[in-house]
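Residue-level structural notes
Below, each chain spelled out in residue letters.
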Amino acid sequence: MSPDTLEKTPDRADRLAGTRPDPAVVDGLFVRLAGLAVDDRQRGVVRDALVTEYLSLARNLAWRFRDRGEPLDDLVQVARVGLIKAVDRFDPGRGIAFPVYAIPTITGELRRHFRDRGWDVRVPRRLQELHLQLRAATQELSHRTGRAPTAGELATYLRLPREQVIEGLQAGDAYTAGSLDRPSTPRPGAPTLGDLLPDLDRPFERVDDHEALAPLVAALPPRERRILYLRFVEEQTQTQIAQEIGVSQMHVSRLLSATLAQLRKGMFVPG
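From a predicted model like this one, the values you see are computed outputs, not experimental measurements.

Turning next to the confidence of the model for the chain. The pLDDT averaged across the chain works out to 78; a share of 74% of its residues lies at or above 70. pLDDT under 50 marks residues 1-18. Its contacts with residues more than four places away, or in other chains, come to 29 contacts.

Spelled out as structure tokens, the structure:
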């Protein structure tokens, strides 16, 4: 029986359980499990038998969380962990059917998986839980109206401030992180996202360059220091510099070239 078919049957617990285990057999196993000591070897055998009876329940619950970016096989494993916890914690003396108890336990385990492991970028737990609320509300409102709901409609539906809804929607961007190697635009030869990020190491390199250059510049003759200042601080042209210091533009060009060559040599060749 497929999960879609199960959705159409009236009883939720039976619907999710798939082929329903024999209640008499299951009840007897739970009573026996409750009566066994923790260190009794038979306890593991009985426990495994109960888990096996309800593997279809775990798989059907995992199926409900498909298409959320996690492999179905991984979700099935998470659901089985929840099933094992439900078997260990179930009290047959409470008078309720095991699936009624197990469904919230397994579903909670799946939700925790998405909350704790499904996010590429870690965000506060309250935002993760809000994101899940918004996802469910978006699906419901989209089904009703045939379009994506606005932030205001989501706020009204969930009875939350609009600013909180916007914060939750923005947090959803952290669920999947894009690769820095992805092109920034579809245009051929476009730079990658990583290429557009600032180079945080450059300021530190400039500090090193400044400290190495400072004594070299201080050792230059006053005229050469003045030419460097006018060219690279005041950003004057060679013609303007020539007029200010009273020499030809060609002479300024030769002085500037010689000074820069001297500084490069001092920077890269040990003295």
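Let us look at the pattern of salt bridges. Inspection of every chain in the model, using the stated rule, returns six salt bridges. In this structure, R47 engages D88 in a salt bridge whose closest nitrogen and oxygen atoms are separated by 2.7 Å. On the criterion of sequence distance, the pair formed by R47 in helix 4 (residues 41-53) and D88 in helix 6 (residues 72-89) is long-range, its members being 41 residues apart. Two residues, E244 and R226, come together in a salt bridge whose shortest N-O distance is 2.6 Å. Taken together, the positions of E244 in helix 14 (residues 238-245) and R226 in helix 13 (residues 222-232) put the pair 18 residues apart, joining distant regions of the chain. The class of E244 is partly exposed, set by a relative accessible area of 40%. According to the relative accessible area criterion, R226 is partly exposed, its value standing at 36%. One network of salt bridges, in which partners are shared, links K85, E109 and R112.

Those residues of helix 4 that fall on the buried side of the exposure criterion are V46, L50 and V51. One side of helix 4 carries all its buried residues, which in axial view fall inside an arc of 140°. Across helix 4 from its buried face, at more than 90 degrees, point the exposed residues R41 and T52. Of the surrounding secondary structure, the elements contacted by the buried residues of helix 4 are helix 3 (23-35), helix 5 (55-63) and helix 6. Capping the start of helix 4 is the job of one residue whose side-chain oxygen sits 2.8 Å from the backbone nitrogen of Q42: D40.

Definitions and limits used
Residues numbered from 1 in each chain as written. Predicted model: local features only at pLDDT ≥ 70, side-chain atom pairs only at ≥ 80, totals over all residues. Heavy atoms only, no water. pLDDT = per-residue confidence, 0-100. Contact = heavy atoms within 4.5 Å. Salt bridge = Lys/Arg side-chain N within 4 Å of Asp/Glu carboxyl O. Helix = DSSP H or I, 4+ residues; strand = E, 2+ residues; numbered from the N terminus. Buried < 20%, exposed > 50% of the residue type's maximum accessible area, 1.4 Å probe, protein only. Arc of directions from axis to C-beta. Polar contact = N/O pair within 3.5 Å; in protein donor to acceptor, adjacent residues only side chain to side chain.

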